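Chains, contacts and geometry: an overview
This is what each chain is made of:
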Amino acid sequence: MGDFTMEYVENGMGKNPASVNLDTKVIKVNAPLFKTYTPLQKNVVLLHEKGHVHYDTVDNEEWADRFALELLAGSEPQSLRKSVDALLGVLASCEIPESRKKAVIISALRIDAERFGNEHARQLLDELEKEARVANCGVTVAAVTAIVMAAIALIGLLQQTIFGKRAEWFVGDMGGKKKNQRKITFIEQACDSVGAKAIKLKASSADEDGGYSAIIAQLDNESWVFNEVHAALYPAFKDNNIFSPAFFRSASKFYKNVSWAKDYIREYLPTVKQNVRDEYVKRGYQFKNEEIQTSSSTSSSRNLVFIIAALLVVVFLFKRK
């Protein structure tokens, strides 16, 4: 608590979780309520009171709430999301008006957009700001009321979806960084789809080997492969949870945070190349010292190369759920 001191009060505080003296920095804690809180809820309450001192205000609850969320955001995986959940839980038991709950959500959206680059959060903020601008344009009282009710409905929906179903990538790992079999399978499927894309790009009847060497050269381009794998994985990152980690939104951030991914892709790529080779062999091409010769007529081989491409797209295409 630093230079703050705590005083537990057994009676007389009603449903107020805590209060602080701005001069003495003594935080009075509602003991009967406090003992029912989770450790995170207790921390949120105490940080909220410190926020009052920080901003030297006894009545600006929104600033104090924002102060608590700012300090907790980024402290652990899913910290912002958990902190919002904890704070809303405390406020729900205190019969706080909806306007303050709305302010908590907006503060969290701002933190998520500004500090963590969450574009979904930024879009929701933009929508709320549009509503605010319309409300200040001298429209009728009924129209303003309708706008406010729409905003409250949006926040209500937001509160439901904040804690919605996790995206496939985050199932069993809220932070999305740990190596597990689920993620390995996704990466393998993404690599297979990249193999199919290389065929679509490079298979050519103008080349004697049907474009095989160009395909392998494309798959040897690590920068291209890494970017394409990230693009193929993207559907597995998407969910309706605004506080999902934002690191996956760009390839560079994804590979920085999922540090094992590049090594695993390098490890799996020979399998992709072998699959390509096997398909060419099935379609009438012969290998000698890593070179390809066709056993059938040239015209037949040229037609087959496009069949290979089509088949591999089907076989390797990443399963988007």
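Note that this is a predicted model, so its numbers are computed, not measured.

Topic: the overall build of the chain
When helices and strands are tallied, the chain shows 13 helices and 5 strands. Here the chain holds 321 residues, and 45% of them are scored as buried. Looking at the chain alone, contacts between residues at least 24 apart form 59% of all its contacts between residues at least 6 apart. When the accessible area of the chain is evaluated, it comes to approximately 16600 Å², of which 52% is carbon and sulfur surface.

Considerations on the packing of aromatic side chains
Given two aromatic rings, one states the distance between the centres and the angle between the planes to describe the pair. A full pass over the atoms with the stated rule returns 12 aromatic pairs. Here the aromatic rings of Tyr8 and Phe34 are separated by 6.2 Å at their centres, their planes lie at 65°, and the arrangement is edge-to-face. Taken together, the positions of Tyr8 in strand β1 (residues 5-9) and Phe34 in helix α1 (residues 31-34) put the pair 26 residues apart, joining distant regions of the chain. Over the aromatic face of Phe4 sits the side chain of Lys25, whose NZ or CZ is 5.7 Å from the ring centroid. Just above the ring of Trp169 sits the side chain of Lys183; from NZ or CZ to the centre is 5.5 Å.

A look at the pattern of salt bridges
Throughout the structure, instances matching the rule amount to 11 salt bridges. The partner of Asp220 in a salt bridge is Lys273, with the nearest N and O atoms 2.3 Å apart. Remark: Lys273 occurs in helix α12 (residues 261-282) and Asp220 occurs in the loop between α9 (212-219) and α10 (222-237); sequence separation between them is 53 residues. The class for Lys273 is partly exposed, based on a relative accessible area of 22%. Three or more residues joined by partner-sharing salt bridges are found here, namely Arg66, Glu70, Glu114 and Arg115.

Remarks on the packing of helix α8 (residues 181-202) against α10
Two quantities define a packed helix pair, namely the angle between the helix axes and the distance between the axes. Where α8 meets α10, the axes come as close as 9 Å, and the angle between the chain directions of the two elements is 120°. On the basis of their axis angle, the class for α8 and α10 is oblique. The interaxial crossing formed by α8 with α10 has right-handed handedness. Contacts between α8 and α10 pair Phe186, Ile187, Ala190, Cys191, Ser193, Val194, Lys197, Ala198 and Leu201 from the former with Trp224, Glu228, Val229, Ala232, Leu233 and Ala236 from the latter. Its residues placed into classes, the contact of α8 with α10 shows 12 nonpolar, 1 polar and 2 charged.

Focus on unusual backbone geometry
The phi dihedral of Lys25 falls on the positive side, at around 60°, and the residue is not glycine. As for its position among the elements, Lys25 is in the loop between β2 (18-20) and β3 (26-30).

Looking at the sheet that holds β2
Spatially, 3 strands are ordered β1-β3-β2 in an open sheet, and the strand pairing comes out mixed. With one partner strand each, in any of the chains shown, β1 and β2 form the two edges of the open sheet. Averaged over all neighbouring strand pairs, the angle between strand axes comes to 20°, with direction disregarded. Pairing between β1 and β3: 5 bridges, direction parallel. In the sheet register, Val9 faces β3, and the bridge partner there is Asn30.

Looking at the nonpolar core
Counting residues in hydrophobic clusters, the biggest one holds 39 residues, and the most contacted among them are Trp169, Ile187, Val229, Leu233, Phe254 and Ile265. The set of elements that each furnish at least two residues to this core consists of α8, α9, α10, α11 (251-257) and α12. Excluding residues that lie within four positions of it along the chain, Trp169 makes contacts with Gly176, Lys183, Phe186, Ile187, Leu233, Ala236, Phe237, Phe254 and Val258. Counting residues in hydrophobic clusters, the runner-up holds 34 residues, among them Tyr37, Val53, Leu88 and Ala113.

So, helix α3 (residues 61-72)
Between its terminal C-alpha atoms α3 stretches 17 Å, which fits the 16 Å expected from 12 residues at 1.5 Å a residue. If you check which residues of α3 are buried, you get Ala64, Asp65, Arg66, Phe67, Ala68, Leu69 and Leu72. Contact partners of the buried residues in α3: α2 (39-55), α4 (79-93) and α5 (98-116). Near the N-terminus of α3, the side chain that reaches the backbone nitrogen of Glu62, with its oxygen 3.4 Å away, is that of Asn60. The positive-phi residue at the C-terminal boundary of α3 is Gly74, with phi of around 85°.

Digging into the layout of surface pockets
Taken as a whole, the second largest pocket holds about 290 Å³ of empty space. Forming the boundary of the second largest pocket are 21 residues, of which Asn16, Ala18, His48, Glu49 and Glu61 lie nearest the centre. Broken down by secondary-structure element, the contributors of at least two residues to the lining of the second largest pocket are β2, α2, α3 and α4. Take the lining of the second largest pocket: its biggest share by element is 4 residues, from α2. Residues belonging to the lining of the second largest pocket are distributed by class as follows: 11 nonpolar, 5 polar and 5 charged.

Cut-offs applied
- Residues numbered from 1 in each chain as written.
- Predicted model: local features only at pLDDT ≥ 70, side-chain atom pairs only at ≥ 80, totals over all residues.
- Heavy atoms only, no water.
- Helix = DSSP H or I, 4+ residues; strand = E, 2+ residues; numbered from the N terminus.
- Buried < 20%, exposed > 50% of the residue type's maximum accessible area, 1.4 Å probe, protein only.
- Contact = heavy atoms within 4.5 Å.
- Areas by Shrake-Rupley, 256 points an atom, 1.4 Å probe, with all protein chains shown as cover.
- Phe/Tyr/Trp six-rings, centres within 6.5 Å; stacked < 30°, edge-to-face > 60°.
- Lys NZ or Arg CZ within 6 Å of the ring centre and 35° of its normal.
- Salt bridge = Lys/Arg side-chain N within 4 Å of Asp/Glu carboxyl O.
- Axes fitted to C-alpha atoms, helices over the stretch in contact; angles between N-to-C directions.
- Parallel < 35°, antiparallel > 145°, perpendicular 65-115°, else oblique.
- Left-handed = near helix turned anticlockwise from the far one by under 90°.
- Nonpolar A, V, L, I, M, F, W, Y, C, P; charged D, E, K, R; others polar.
- Pairing = 2+ DSSP bridges.
- Core = buried A, V, L, I, M, F, W, Y, C linked by side-chain atoms within 4.5 Å.
- Expected span 1.5 Å × (residues − 1).
- Polar contact = N/O pair within 3.5 Å; in protein donor to acceptor, adjacent residues only side chain to side chain.
- 1 Å grid on protein atoms, 1.4 Å probe; cavity = no way out; pocket = protein on both sides within 12 Å on 5 of 7 lines; lining within 4 Å.
- Points joined across faces, edges and corners; volume = space filled by probe spheres on them.

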